[in-house]
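The chain contents come next:
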Amino acid sequence: MGFLDFLGSLGRAIVGVWGLDPSVAQWFRGYPYAFEISITIAMLAGISTLLGNSVVLFLNRIRGWRFAVSLVINGISMVALFVAQAVVIAVIGYLVTGDRLSLANAARAVMLATAPLLFGFLELAPYVGPGIARVLQVWSLLALWVIVGVIYQVGYWPALLITGLGWGVMQGLSWALARPLTALGNGVWRALSGSPTLLTAQDILSGHQFMPVEFDFDVRAGTEGGQ
């Protein structure tokens, strides 16, 4: 397959997920390069989300290798999140339908559902950024609902049950692992920036990036310079 053909298929998959179109998910199910496309979508979504939060790193004067390390750690956390979601979907899907779904296919479904996160860069918008992040998460969850229905060949309600239980399990994990995950996130951010963070276990398991408690704005220097 040529590069232009790949881009065309990539665009078709992205637009189909944005529109929650089950026919596109059905086409994607038998597409020979589905795994490559799903990985590409997840990578682009991850980059966009990281860019949406990179302004926080600059405002906290994180430069050079610290900035690169922070982006790498955030990227690894998102990959780990995708793997965890894939395992949960595969296990719950088997319990609900009796059909075994390979981890690779489950991961492909989860990564495909991240297409709405391509708008993650919009999270840098002042005031509305957190709201946009929540909308994108709900949008991705709806996309996963549609995709789960296709890969398990079940109706909307069984697919909703699998997706809803998967979401519930992830929330349960965020509660059970709250202390170690929060301590890990706080430790990483403090090592990079020297400041505390608002990161919680729920943020880690929902794909949020490291966010500081407050920015170190030197307001007095600016006002003194203008006098």
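The preceding data block contains the structure.
Once a new chain begins, its residue numbering starts again from 1 and follows that chain's sequence as written. Since the coordinates come from a predicted model, pLDDT governs what is reported: local features require at least 70, and pairs of side-chain atoms require 80 or more to be given and counted, while whole-chain, interface and lining totals use all residues. Just so you know, side-chain values use all the structure's heavy atoms and leave hydrogens and water out.

A. Up close: the packing of aromatic side chains. Aromatic pairs are defined between Phe, Tyr and Trp rings, using the six-membered ring for Trp, whenever the two ring centres lie within 6.5 Å; interplanar angles under 30 degrees are classed as stacked, those over 60 as edge-to-face, and all others as tilted. For the structure on display, the rule yields 6 aromatic pairs. Here Trp-145 and Tyr-156 contribute two aromatic rings whose centre-to-centre distance is 5.9 Å and whose plane-to-plane angle is 75°, an arrangement assigned as edge-to-face. Placement of the pair is Trp-145 in helix H6 (residues 129–151) and Tyr-156 in helix H7 (residues 156–176), with a sequence separation of 11 residues. The structure contains a cluster of three or more aromatic residues connected by ring pairs, namely Trp-27, Phe-28, Tyr-31 and Tyr-33. Two conditions define a charge located above a ring, namely a distance within 6 Å from the ring centre to NZ of Lys or CZ of Arg, and an angle within 35 degrees of the ring normal. Lying across the ring of Trp-27, Arg-12 places its NZ or CZ 4.2 Å from the centre. Sitting over the face of the ring of Tyr-94, Arg-100 holds its NZ or CZ atom 4.5 Å from the ring centroid. In DSSP terms, a helix is any run of H or I states spanning at least four residues, a strand is any run of E spanning at least two, and both are numbered starting from the N terminus.

B. Just helix H5 (residues 103–112), in detail. Burial within H5 is extensive, with 7 of its 10 residues counted as buried. Working definition: with a 1.4 Å probe on protein chains only, accessible area under 20% of the residue-type maximum means buried, over 50% means exposed, and in between means partly exposed. Those residues of H5 that fall on the buried side of the exposure criterion are Ala-106, Ala-107, Arg-108, Ala-109, Val-110, Met-111 and Leu-112.

C. Structural context of the packing of H5 against H6. Interaxial angles span 0 to 180 degrees and are taken between N-to-C directions of axes, which are lines fitted to C-alpha atoms, for helices over the stretch in contact. Across the interface, H5 lies against H6 with an axial gap of 9 Å and an inter-helix angle of 150°. In terms of orientation, H5 and H6 fall into the roughly antiparallel class. Handedness of the H5/H6 crossing: right-handed. Contacts between H5 and H6 pair Ala-109, Val-110 and Leu-112 from the former with Leu-144, Ile-147 and Ile-151 from the latter. Of the residues in the contact of H5 with H6, the class split is 6 nonpolar, no polar and no charged. Comment on the angle field: the value is read as roughly parallel under 35 degrees, roughly antiparallel over 145, roughly perpendicular from 65 to 115, and oblique elsewhere. In this scheme the crossing of two helices becomes right-handed for a clockwise turn of the near helix relative to the far one and left-handed for an anticlockwise turn of less than a right angle. Between two residues, a contact is recorded if the distance between any of their heavy atoms is within 4.5 Å. Note on residue categories: nonpolar means Ala, Val, Leu, Ile, Met, Phe, Trp, Tyr, Cys or Pro, charged means Asp, Glu, Lys or Arg, and polar means any other residue, Gly included.

D. Summary view of H6. Every helix has an expected span of 1.5 Å times one less than the residues it contains. Along its 23 residues, H6 runs 33 Å from first to last C-alpha, staying within 8% of the 33 Å computed at 1.5 Å per residue. When we look at burial in H6, the residues that qualify are Gly-129, Ala-133, Leu-136, Ser-140, Ala-143, Leu-144, Val-146, Ile-147, Val-148, Gly-149, Val-150 and Ile-151. The positive-phi residue at the C-terminal boundary of H6 is Gln-153, with phi of around 55°.

E. Geometry of unusual backbone geometry. For Leu-20, which is not glycine, the phi torsion reads 55° and is therefore positive. As for its position among the elements, Leu-20 is in the loop between helix H1 (3–18) and helix H2 (22–29). Unlike most non-glycine residues, Gln-153 shows phi in positive territory, near 55°. Among the secondary structure elements, Gln-153 is positioned in the loop between H6 and H7. Looking at Gln-153, the relative accessible area reads 57%, which means it is exposed.

F. How the structure looks around the packing of H1 against H2. Direction vectors running N to C along H1 and H2 enclose 140°, while the axes themselves pass 8 Å from each other. With respect to H2, the axis of H1 lies oblique. Like other packed secondary-structure pairs, H1 and H2 cross with a definite hand, here left-handed. Every residue of H2 that contacts H1 at Ser-9, Arg-12, Ala-13 and Gly-16 is listed here: Val-24, Trp-27 and Phe-28. Residue composition of the contact of H1 with H2, grouped by class: 4 nonpolar, 2 polar and 1 charged.

Any link to function would need more than the numbers given here.
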